[in-house]
Each structure stands twice: as C-alpha cells, then as structure tokens.
Number of protein chains: 2
Amino acid sequence: MPPFDLGRPAKIGAQDVHPCGACPVRSLTVCAAFEEEELNRLAEIVQLQRIDAHQTIFSEGDPAMNLFNVTAGTVKLYKLLPDGRRQITGFLFSGDFLGLSVNDRYAYSAETVAVTSICRFPRRHMELLLDEFPKLQRRLFGMASNELAAAQDQMLLLGRKTAREKIASFLLGLSQRAVRRGQRDNPVQVPMSRSDIADFLGLTTETVSRTFTQLKANGIIRLLEGGKVQIVDNRKILEIAEGS
Amino acid sequence: MPPFDLGRPAKIGAQDVHPCGACPVRSLTVCAAFEEEELNRLAEIVQLQRIDAHQTIFSEGDPAMNLFNVTAGTVKLYKLLPDGRRQITGFLFSGDFLGLSVNDRYAYSAETVAVTSICRFPRRHMELLLDEFPKLQRRLFGMASNELAAAQDQMLLLGRKTAREKIASFLLGLSQRAVRRGQRDNPVQVPMSRSDIADFLGLTTETVSRTFTQLKANGIIRLLEGGKVQIVDNRKILEIAEGS
DNA sequence: GAGTGCCGTTGATGCACATCAAGGCATCCC
DNA sequence: GGGATGCCTTGATGTGCATCAACGGCACTC
C-alpha cells in the first residue's frame, strides 16, 4: 500500500508534483535536511513515480541523469558479469536513496522487487541545491558513510560467513531495518524471491531454500504466509549471524 | 622511501607539523580541496606520523577521534568474526583516506602492511573545517562515493567470482591504482602477504598460492623478486578478471 | 652454524555448497 | 477444466576450494 499512490495501471509513470511537506517518510530520507519552508524548493524539482514490480529503473552504465528516493516498496541494486552471474549489492526500502554515480554513469542496475514509489530528482538541479544547502550535502555524506559501513559488513558476510550465518545475518538485517522505518520487526517481511536472496548472499536458490528449511527444523524461525518469516529464537539467530 | 620521513626508529611517533604546501601527494587526497593559502589552516591541525610495518592504527569499536590520510606506504582495513575469521575490506595507499565512522566509533580495524606515513586530523577540528569549507565536504563526499563503487565491485568479486578471477581482478586493481598514483603499473608492486590477499579475496593462503602458480604456468604473469608481479598477457588477465 | 620461526609452496584428502534433475503447488489464461 | 508458467523445495551427485600436513627457503638469534 504505497502511501501517495493513485493505483493507476501505469508501469513507470510520472505523477503530479507532490507536496513534500506531507511526505510520511521524509524524516528517514535526505529530505530531512530541509526545513519546512525550504521544502517548496525541493517540491519544484521532484517527480513522484509509481512503478510496478520487476521493472528496471536504470541500468549499469546508463548516464546518471537522476537521483532517487524510495518512498514505498522495495528496490534491488545489482551488478552483472558478462556470462550472467549476478551480485545484488543491496536492497532499498522506503527512505533509502539511490543514484550516486561515478563519472556520470550509474555503476549498477536498479530494479523494483515489488510495487514501488520513488521520488526522482534531476541530478543537475540536485547539485545546485547541494551548493545552496550545506546541510543537504552533510546529510548525503552521512548517508553515504552509513552505506559504506553496510558494504563492509556485507563483504565480511560474502567472504567469510557460512550459508547458515549468511541467512541468519540477512534476516536480522531485514528485521533491524524494518524497525528503523517504524515497521514490525517480527515477523519479518521478506518481499524478495529466493533467487534474489541467493544473489545477494553469494549462494544459489537451492542452498537458500535448504538453509531456511534447516533453520525452521531447528525451531529458530517459522515460515509464514505472504513471504513473512517469524524469528522464534532471537538469541540463537543472533549467535549464528555473528558466527560464534 | 617515505617522502617526508626522518628515518627515526619510533614505532608510532608524532612528528613536527609539516608544511602541507609541500606535500607531494596532496593532489590525490582530500587536501586537494584547499587553495594554497588555506593550507595553513590545515597544517595547524595535522600531525604527520611514521609507522612501522604491522602496527595497529586503530581497532574496530575504538572511539573515532581522528581521521587519517595515507601519504606513503600501505594500510589494510579489516573486520573480524569472534572466532578469528577475518575479512580485509580494503588496502590503502598514498592519497587514500581513512577514519570515517558511524556512531563515533570506527567500524573496522586499520593496520599497516609496510612502513607507512600518515597525516592525522583530529575529528573535531576536521568537522569545523567541514562547515567552513564546503569544497572540503564536497571532496570528501566524492571520495566516499568512489569507495562505495569500489565496495560494490568487491561484493561482486566476493560473491560471484572464482579464485582465478579473484586473483586476476586483484592484480589488475593494484595495477590501476598504481597508475592513478603515478607509479609503475607493470610490474605491479604487491606489498601484502599471501595471507592478507587471501583475507581480502575470501580465499585461503593455499588457494592464493596455487592460483598464482597456475597463472604463472599459463604464462599470464611472472613472479619477480621483492613482491613484484609482472603481467605478461594483459589481454588475457583482463578477460579472466571480467569472467568472460 | 645449529636452532627457531615465519612465509610460501605443494600434495592428499574432505566437505560445503554448486549443479543437475524432478516434483509440488500456486497463479494465470484460454 | 487443464495446460502452461514460475517459484519453491527436495534429492542425488559433482566439484572448487578448504583443510590438514609436510617441506624448503630465508631472516634472525645466540
């Protein structure tokens, strides 16, 4: 249930300008850097879009024309090898930011996992705002620092954790991020497919499936309807995730 | 041959304030954000240090009091699991920056790989400078963005590449970074141990060693004296690295 | 110059996870 | 209804890399 949405059938469609002042996720986003009265400036350049599931937002190598804010739904970022091997580098939820680029090109592809609403900012305009509002710059830098820390955690996971530890870490990560967005942390919403989880954790779908089954058999989690996972033994899953 | 160094026997020792205007790697660093006349401000707060090989600069979880700039030598950043498994998240060379933190704590440990010179900036002072010089903020943000892109490449490597592809990518990466620092790209200087390489690539020392041997046997590289590796077949190593 | 420790290499073996294959169970569409 | 499709699960088998073990070279010590 996307907050601003009109339920139109469009795949990717521009919507009317939205009053940022009413944005329910503003405090989570870059936009938290603005005071109430400055939000008009922002509203002038954003466009709100609703996107169906499984649509590409942009692809690796595309000219980086826009920056985006996820306001509802789920997005995945990924990189491909020429033979099709895929690494998902992150999942984004409401409040998350995407579109940072190097050399004016996107360094990864972005695709919706479920129905998603995003705010689009033309990069040119955004850069002018950056000069005008140092607080925005500061905020963006802070968000990039957090992402960097998360990336390092993910490197530890990919390089050194077992399949069991990876799945446990993944579920805990989802749970913790849900809390920060003010959503339920348990049961955890797991909107992405087994295949996406596999490509995020450096595993195969079969191993992901088997590991879920195994954690379930051990009474540590329970698999619920609608892609939800209940964490039954919180202490144990934490132990597993940390590798102790 | 560290550029500013006095060759003192100290392990970690503060040196006299150095005139940043003469810094030979300034254009590579955050400090490139400053005009000549502003450098005095910088020089007031930096301390230059020379550090022996295999010394800890700071550890994960320490209060993040300082930011650092590497001016010569090599540093590794790493994270540990409780049972000792280690993931090296990056190697730093002259011009590179370290010390960004989340919640005022370092999110990783930093250790010298070889004799290293660093500039130390107290974080408090640096933050004041950030407010005063938006260009510095901008520069720092740019560097963080680049690191994020590199982190995503590393995730692809850790999650989806084979040992052979990992080693090829690693050597090419070292080579390309040497170019950016204005150093020789071939033969490549490889100052870190097999064990460090293994922990960077998510492998074991044995596999690293075997893979080097294999690439050598294929006539793609040559192992030289003093930790240097010559890339004999550039096209082929590039193909391997990209997984095609 | 024997002793010790560290590092890199090589070989033998083992195992965690990949690969290959098949079936269950939704949903969708004619 | 029923067949097609996509996702998840489960089983059988394979393999890339880890693990275990041994050895040689080099630096350092006494």
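This structure is a prediction, so every number in the text was calculated from the model and none was measured. (Residues numbered from 1 in each chain as written. Chains lettered and ligands numbered in written order. Predicted model: local features only at pLDDT ≥ 70, side-chain atom pairs only at ≥ 80, totals over all residues. Heavy atoms only, no water.)

What to know about the overall build of chain A
Here is step 1: Along its length, chain A carries seven helices and 14 strands.
Here is step 2: Over its C-alpha trace chain A gives a radius of gyration of 19 Å, about what one expects of a compact globule, namely 18 Å for 244 residues.
Here is step 3: With the principal axes as the frame, chain A shows a C-alpha extent of 55 × 35 × 35 Å.
Here is step 4: Of all 244 residues assigned to chain A, the portion counted as buried reaches 53%. (Helix = DSSP H or I, 4+ residues; strand = E, 2+ residues; numbered from the N terminus. Rg over C-alpha atoms; globule rule 2.2 N^0.38 Å. Buried < 20%, exposed > 50% of the residue type's maximum accessible area, 1.4 Å probe, protein only.)

A look at the protein's contact with DNA strand C
Here is step 1: Of all residues adjacent to DNA strand C, which total 15 residues, the nearest are Thr207(A), Arg194(B), Ser209(B), Arg210(B) and Thr213(B).
Here is step 2: Protein-adjacent atoms of DNA strand C, using a 4 Å cutoff, are sugar or phosphate at a proportion of 58%.
Here is step 3: A distance of 2.7 Å separates a base nitrogen of DNA strand C from a polar atom in the side chain of Arg210(B).
Here is step 4: At a separation of 2.7 Å, a phosphate oxygen of DNA strand C approaches a polar side-chain atom of Thr213(B).
Here is step 5: Taken together, the elements giving at least two residues each to the surface near DNA strand C come down to helix H6 (205-217) of chain A together with helix H6 (205-217) of chain B. (Near = heavy atom within 4 Å. Polar contact = N/O pair within 3.5 Å; in protein donor to acceptor, adjacent residues only side chain to side chain.)

Comments concerning the pairing of strand E13 (residues 221-224) of chain B
Residue and element names in this part refer to chain B.
Here is step 1: Pairing analysis gives four bridges linking E13 to strand E14 (residues 228-231), with the strands arranged antiparallel. Considered in E14, the bridge of Leu 223 is made with Val 229.
Here is step 2: Where E13 hands over to E14, the hairpin turn is made up of three residues, of which Gly 226 adopts a positive phi near 65°. (Pairing = 2+ DSSP bridges.)

A look at the packing of aromatic side chains
Residue and element names in this part refer to chain A.
Here is step 1: Here the structure, examined in full by the defined rule, presents 14 aromatic pairs over all chains.
Here is step 2: Summarising the aromatic geometry, the rings of Phe 34 and Phe 133 are spaced 5.2 Å apart at their centres and angled 75° between planes, so their arrangement reads as edge-to-face. One end of the pair, Phe 34, is in the loop between strand E1 (12-14) and helix H1 (39-45); the other, Phe 133, is in the loop between helix H2 (123-132) and helix H3 (134-160), with 99 residues separating them in the sequence.
Here is step 3: Residue classification places Phe 34 among the buried residues on the basis of a relative accessible area of 5%.
Here is step 4: Judged by relative accessible area, Phe 133 falls into the buried class, the value being 14%.
Here is step 5: Following the ring pairs from residue to residue traces out a cluster consisting of Phe 58, Phe 68, Tyr 106 and Tyr 108.
Here is step 6: One residue, Arg 86, lies across the ring of Tyr 78, its end atom 5.7 Å from the ring centre. (Phe/Tyr/Trp six-rings, centres within 6.5 Å; stacked < 30°, edge-to-face > 60°. Lys NZ or Arg CZ within 6 Å of the ring centre and 35° of its normal.)

Topic: the pattern of salt bridges
Here is step 1: Inspection of every chain in the model, using the stated rule, returns 34 salt bridges over all chains.
Here is step 2: Measuring nitrogen to oxygen at the nearest pair gives 2.7 Å for the salt bridge that ties Arg160(B) to Asp199(A). Highlighted residues: Arg160(B) in helix H3 (residues 134-160) and Asp199(A) in helix H5 (residues 194-201), drawn from two different chains.
Here is step 3: Residue classification places Arg160(B) among the buried positions, given a relative accessible area of 16%. (Salt bridge = Lys/Arg side-chain N within 4 Å of Asp/Glu carboxyl O.)

Notes on the protein's contact with DNA strand D
Here is step 1: Residues in close proximity to DNA strand D total 15 residues, the closest being Arg194(A), Ser209(A), Arg210(A), Thr213(A) and Thr207(B).
Here is step 2: Per the 4 Å cut-off to the protein, sugar and phosphate atoms form 61% of the nearby atoms of DNA strand D.
Here is step 3: Counting residues per element, the ones that place at least two in the surface near DNA strand D are H6 of chain A together with H6 of chain B.
Here is step 4: Element by element, the count of residues in the surface near DNA strand D is highest for H6(A), at four residues.

Side note on the relation of the copies chain B and chain A
Here is step 1: With an RMSD of 0.0 Å, the operation that places chain B on chain A is a rotation of 180° combined with a shift of 0.0 Å along the axis. Within this description, the copies of the chain are treated as partners about a two-fold rotation axis.
Here is step 2: Of the interface residues in chain B, 100% have counterparts in chain A that sit at the interface too, so the contact is made through matching surfaces. (Least-squares fit on C-alpha atoms with pLDDT ≥ 70 in both. Contact = heavy atoms within 4.5 Å.)

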